[in-house]
Amino acid sequence: MKITTEQLEDISSCLQDLADDAKFQKGITRRSIIGTNAVISVFTFLATLIIGIIFYYFFAFNQGVSHSIQSMKIIQEQMVDLRDSMDTITFSVDEIGQDIGYMEVISTNISTIARSTQGITANIQSMTQHTKAIGKHTRWVHYNTEIINQRFGHLNYSVMQVSQALHHTAKPIKRFFPLP
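Cut-off values and rules
Residues numbered from 1 in each chain as written. Predicted model: local features only at pLDDT ≥ 70, side-chain atom pairs only at ≥ 80, totals over all residues. Heavy atoms only, no water. Helix = DSSP H or I, 4+ residues; strand = E, 2+ residues; numbered from the N terminus. Buried < 20%, exposed > 50% of the residue type's maximum accessible area, 1.4 Å probe, protein only. Contact = heavy atoms within 4.5 Å. Areas by Shrake-Rupley, 256 points an atom, 1.4 Å probe, with all protein chains shown as cover. Phe/Tyr/Trp six-rings, centres within 6.5 Å; stacked < 30°, edge-to-face > 60°. Patch = residues over 30% accessible without salt bridge, like charges linked within 9 Å, V, L, I, M, F, W, Y side chains within 5 Å. Salt bridge = Lys/Arg side-chain N within 4 Å of Asp/Glu carboxyl O. Lys, Arg positive; Asp, Glu negative; His and termini not counted. Charge placed at Lys NZ, Arg CZ, Asp CG, Glu CD.

With respect to the overall build of the protein chain
Item 1. Looking only at helices and strands, the protein chain has two helices and zero strands in total.
Item 2. Expressed as a percentage of the 180 residues in the protein chain, the buried residues total 15%.
Item 3. Considering only residue pairs separated by 6 or more positions, the protein chain has 82% of its internal contacts joining residues 24 or more positions apart.
Item 4. For the protein chain, the exposed surface amounts to about 13900 Å²; the carbon and sulfur share of it is 63%.

What about the packing of aromatic side chains?
Item 1. Under the counting rule described, the total for this entry stands at one aromatic pair.
Item 2. An angle of 70° between the planes, with centres 5.4 Å apart, marks the rings of Tyr56 and Tyr57 as edge-to-face.
Item 3. By relative accessible area, Tyr56 is classed as exposed at 53%.

Brief notes about a negative patch on the surface
Item 1. Together, Glu77, Asp81, Asp84 and Asp87 make up a negatively charged patch on the protein surface.
Item 2. Topologically, Asp84 is positioned in helix H1 (residues 5-99).
Item 3. On the basis of relative accessible area, Asp84 is assigned to the partly exposed category, the value being 38%.

A short note on a nonpolar patch on the surface
Item 1. The grouping of Val39, Val42, Phe43, Phe45, Leu46, Leu49, Ile50, Ile53, Ile54, Tyr56 and Tyr57 at the surface amounts to a nonpolar patch, some 1100 Å² of accessible area in total.
Item 2. Among the secondary structure elements, Leu49 is positioned in helix H1.

Thoughts on the side chain of Thr131
Item 1. Take Thr131: it is sitting in helix H2 (residues 103-176).
Item 2. Sequence-distant contacts of Thr131, that is, excluding residues within four places in its chain, are made with Val65, Ser68 and Ile69.

Overview of a positive patch on the surface
Item 1. Side chains of Lys73, Lys132, Lys136 and Arg139 sit close together on the surface and give a patch of like positive charge.
Item 2. With three residues, the single largest contributor to the positive patch is H2.
Item 3. Along the chain, Arg139 turns up in helix H2.
Item 4. The class for Arg139 is exposed, based on a relative accessible area of 57%.

Quick notes on the environment of Ile50
Item 1. Following the sequence through the fold, Ile50 ends up in helix H1.
Item 2. Along the backbone, Ile50 and Asn149 are 99 residues apart, and their C-alpha atoms lie at a distance of 10.0 Å.

Right under this line is the structure:
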């Protein structure tokens, strides 16, 4: 079987068309990979930035709550000391009131103040309990933030697998047309 020059030219023309089509597809694939990598990089950066900001604000909020709880404890102790001091003053005024008639009025007023400080102490104890409850709720926020972080990790892993799949898809083309 003899191959004519015309047949060779047709084969050469077909091979040239195939090479041109492959080169065109190679360019499209390269642009797609570059675009995909750019999108992945941007979203990874944004996710990392957002997670960092969330952790920073959570840490600052947690520190503020801890400081508030400690301050409430100190205020509560001071109010107990103040109430004890008021009780001591009331007792002293009662003793003086036995000797001096007008001191009875002062004693009554100091007793009223002592009862008022007991109410304030009870309110501060209630505030302390509410602040502790807020602290417990922030633990759930921290837990959910960790879950979000894990989900972003899974997303990044999935995007990496897609990128690798695209890379593996382009390998047969590289075998015939190596990249410069």
